[in-house]
Amino acid sequence: MDMIVTPTPRLAGEIQALSSKNYTTRYLLVAALAEGTSVIRYPAHSEDSDALRRCVRDLGAVLEEDDEKIVVTGFGSRPKPVKELDVGNAGAVLRFLMAVAALLPEVTFVNKYPESLGKRPHDDLIKALEGMGATIEHREGKLPITIRGGDAVRGGKIQVSGSVSSQFLSALLFLTPLLAEDSEIEVLNDLKSKVVVGQTLEVLAQAGIVVEASSDLMHFKVPGGQRYRAQEYVVQGDYPGSAAILAAAAVAESDVTVHRLLEESKQGERAVVDVLKAMGTPLSHKDGVVHVQGNGKLRAVEFDGDEFTDGVLAMVAAAVFAEGTSRFYNVENLRFKECDRITDYLAELRKAGANVEEKRDEIIVHGRPEGVEGGVTIDAHFDHRVIMALTVVGLRAKAPLTIKDAHHVAKSYPNYFDHLTALGANVRWSE
Ligand SMILES: O=C(O)C1=C[C@@H](OP(=O)(O)O)[C@@H](O)[C@H](O)C1
Ligand SMILES: C=C(OP(=O)(O)O)C(=O)O
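Residues numbered from 1 in each chain as written. Chains lettered and ligands numbered in written order. Predicted model: local features only at pLDDT ≥ 70, side-chain atom pairs only at ≥ 80, totals over all residues. Heavy atoms only, no water.

Labelled according to an unreviewed UniProt entry, the protein appears under the name 3-phosphoshikimate 1-carboxyvinyltransferase, originating from Cohnella rhizosphaerae. Quoted verbatim from the Catalytic activity (unreviewed entry) field of the UniProt record, the comment on the protein reads "3-phosphoshikimate + phosphoenolpyruvate = 5-O-(1-carboxyvinyl)-3-phosphoshikimate + phosphate". (UniProt positions renumbered as here; feature names shortened; annotations may be inferred.)

Below is the structure:
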């Protein structure tokens, strides 16, 4: 389905932030890896979180859900043997479950999104799991992937590269406590999206798992033979999705309030509040509430985008309307997401009339405070964050933007357009 975004000068109203994707993924996983019954309050509802619900059920967890909570009885360290798992288009779900699959004799991860997740590389995790004793079939590091693990898989000294994705390290941090042996994990090269590993460590600690981490997060000691504790968890609001709402409020005249965004959150994308402030957006952030009173006037900024990886596209969209040239550097791993979020995203921004340049690991935006032309059709590249960010641009374009296949926004934020409509945005679906 396509979305038509018509220029909207003013946004106003209050919304509750969607529930965090990354915490929902982690809480569902640790609840499944525990033996007792856990309760997760306010879990996210999206294609990615549905994919994880489906897979942990396939692996033997029992899930009961009402409007407010999900009750999970886990399979502990003994997932049920299953032939195939379908993770949809969810990268984190795939990578975390590849580690869980190492506990089983043979599991195949199928390739349902050849144009998106099917193109993403998993070599670094494959190599690490092979080093631990698993036998893995794959297509040059990509889906479909068959993992043969079970008794052959052992802890000990493990190396994993962090230069493409932090999810590989997180996956190993979830697996290793369950192995009989103690493990030492060394991160090779670099560690991208390092902040997200903080969320993994926080959730592991909540689940009663002991991990010793070096301060640079490049070395870990994980005692083996541990058990995940069944627990009650509360999912906080989601900064990456809210980043697009806040950017929309920043590029317009606005009076927009977003609730459930904790100031002291470990989500790196919390930084988007500081980015928008640095752009000159009038806003306050107090008691979990962000209040934007936008006047559409923005100035250029320079930021290390790796600090808020899933918020970069929305900040670039805001920078399209800023006075001056903005730079988001250290963002190379955006190329390995649902699409190439540098080349593909900038191609769509250019179609809309933005003046943008790319380097291997940088996005440069020459702002156009006077607005961009719009009046074109945008390809979503199967990427929810491209859809959300291009919508922000469309709200301040001179003519409507049509975003093709915008239903893929449901990967993380199915209510995105409902929330924007509630704030007064002129957005409508067309078949
Ligand atoms: O661990 C996680 O839940 C995630 C880690 C990040 O990926 P990378 O580490 O690949 O940057 C982030 O972009 C993704 O949305 C979720
Ligand atoms: C990159 C993302 O997700 P994943 O890696 O889990 O597919 C995202 O949510 O922007």
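S.K.: When you look at the side chain of Asp340 in this model, what are you seeing that I'm missing?
M.R.: Counting through the fold element by element, Asp340 comes out in the loop between β19 (325-329) and α10 (343-352). Residue classification places Asp340 among the buried residues on the basis of a relative accessible area of 19%. Contact partners of Asp340, with chain neighbours within four places excluded, come to Leu334, Arg335 and Tyr345. (Helix = DSSP H or I, 4+ residues; strand = E, 2+ residues; numbered from the N terminus. Buried < 20%, exposed > 50% of the residue type's maximum accessible area, 1.4 Å probe, protein only. Contact = heavy atoms within 4.5 Å.)

S.K.: What am I meant to see in the sheet that holds β19 here?
M.R.: To summarise the sheet geometry, strands pair through backbone hydrogen bonds and adopt either a parallel or an antiparallel arrangement. Reading across from one edge, β18-β19-β21-β20 is the order of the 4 strands in this open sheet, with mixed pairing throughout. Each end of this open sheet is capped by a strand with a single partner; those strands are β18 (302-304) and β20 (355-359). With direction set aside, neighbouring strand axes in the sheet form an average angle of 15 degrees. Taken together, the 5 bridges between β20 and strand β21 (residues 362-366) define a ladder with antiparallel strand orientation. Opposite Lys359, over in β21, you have Glu362 as the bridge partner. Against the sheet, helix α9 (residues 312-319) contacts β19 and β21, and its axis sits at roughly 170 degrees relative to β19. Across the face of the sheet, α10 comes into contact with β20 and β21 while running at roughly 165 degrees to β20. (Pairing = 2+ DSSP bridges. Axes fitted to C-alpha atoms, helices over the stretch in contact; angles between N-to-C directions.)

S.K.: Help me understand the nonpolar core, please; the structure alone is not making it clear to me.
M.R.: Considering soluble globular proteins, one finds that nonpolar side chains tend to be buried as a cluster. With 79 residues, the main nonpolar core has Met315, Phe328, Tyr345, Leu349 and Tyr416 as its most contacted residues. A per-element tally of this core places helix α7 (residues 239-251) first, with 10 residues. Look past the residues within four positions of Tyr416 in its chain and what remains in contact with it is Ala244, Ile245, Met388, Thr391, Val392 and Val409. Formed by 76 residues, the second largest nonpolar core is a distinct cluster that contains Ala32, Phe96, Val100 and Ala102. (Core = buried A, V, L, I, M, F, W, Y, C linked by side-chain atoms within 4.5 Å.)

S.K.: It is not clear to me how the sheet that holds strand β5 (residues 69-73) should be interpreted in this structure. Could you clarify?
M.R.: On the basis of which strands lie adjacent, the open sheet formed by 4 strands has the order β4-β5-β3-β14 and mixed pairing. Pairing within the sheet leaves two strands with one partner each, and these edge strands are β4 (62-65) and β14 (232-234). Each strand axis lies, on average, 15 degrees off the axis of its neighbour in the sheet, ignoring direction.

S.K.: Quick question: what am I supposed to make of the site of ligand 2 here?
M.R.: As a matter of local geometry, ligand 2 sits amid 14 residues, with Gly91, Ala92, Arg120, Arg385 and Lys411 nearest to it. Within the contact set of ligand 2, an oxygen atom lies 2.8 Å away from a backbone nitrogen or oxygen of Gly91. Here an oxygen atom of ligand 2 sits 3.2 Å away from a polar atom, N or O, in the side chain of Glu338. Protein contacts shield 98% of the accessible area of ligand 2, which totals 300 Å² for the unbound molecule. Put simply, the parts of the chain that give the shell around ligand 2 at least two residues each are α3 (91-101) and α11 (384-395). A per-class count over the shell around ligand 2 returns 2 nonpolar, 4 polar and 8 charged. (Near = heavy atom within 4 Å. Polar contact = N/O pair within 3.5 Å; in protein donor to acceptor, adjacent residues only side chain to side chain. Areas by Shrake-Rupley, 256 points an atom, 1.4 Å probe, with all protein chains shown as cover. Nonpolar A, V, L, I, M, F, W, Y, C, P; charged D, E, K, R; others polar.)

S.K.: Would you mind going over the UniProt feature "domain: Enolpyruvate transferase" (unreviewed entry) in the protein with me for this structure?
M.R.: The positions that UniProt labels "domain: Enolpyruvate transferase" (unreviewed entry) are, in the present scheme, residues 6-420. Across residues 6-420 one finds 29% helix and 25% strand; the C-alpha atoms that close the span lie 12 Å apart.

S.K.: What should I look at first to understand the UniProt feature "binding site: 3-phosphoshikimate" (unreviewed entry) in the protein in this one?
M.R.: UniProt's entry tags Lys21, Arg26, Ser165, Ser166, Gln167, Ser193, Asp310, Asn333 and Lys337 with the feature "binding site: 3-phosphoshikimate" (unreviewed entry), counted in the numbering of this structure. Within the fold, Ser165 resides in the loop between β10 (156-162) and α5 (167-175). Ignoring sequence-local partners within four residues, the contact set of Ser165 consists of Arg95 and Asn333. From its side chain, Ser165 meets the backbone nitrogen of Gln167 in a polar contact 3.0 Å long. Looking at the secondary structure, you find Ser166 in the loop between β10 and α5. What Ser166 contacts, discounting residues up to four positions off in sequence, is Leu191, Lys192, Ser193, Val196 and Val197.

S.K.: Explain the site of ligand 1 to me, please; I cannot follow it from the model alone.
M.R.: Around ligand 1 sit 14 residues in total, of which Ser165, Ser166, Ser193, Asp310 and Lys337 are the nearest. Take Asn333: an N or O atom from its side chain is 2.9 Å from an oxygen atom of ligand 1. No other element matches helix α1 (residues 21-32), which puts 3 residues into the shell around ligand 1.

S.K.: It is not clear to me how the domain arrangement of the protein should be interpreted in this structure. Could you clarify?
M.R.: It is common to give the size of an interface as the accessible area that goes away when the parts come together. When cut into domains, the protein gives domain 1 (2-18 + 237-430) and domain 2 (21-234). Computed over C-alpha atoms only, the centres of domain 1 and domain 2 are separated by 29 Å. Domain 1 puts 21 residues into the contact, and the matching count from domain 2 is 25 residues. Contact with domain 2 buries surface across domain 1, with Lys266, Phe336 and Lys411 losing the most and accounting together for 32% of the total. (Domains from an automatic or database assignment. Buried area = accessible area lost by both parts, 1.4 Å probe.)

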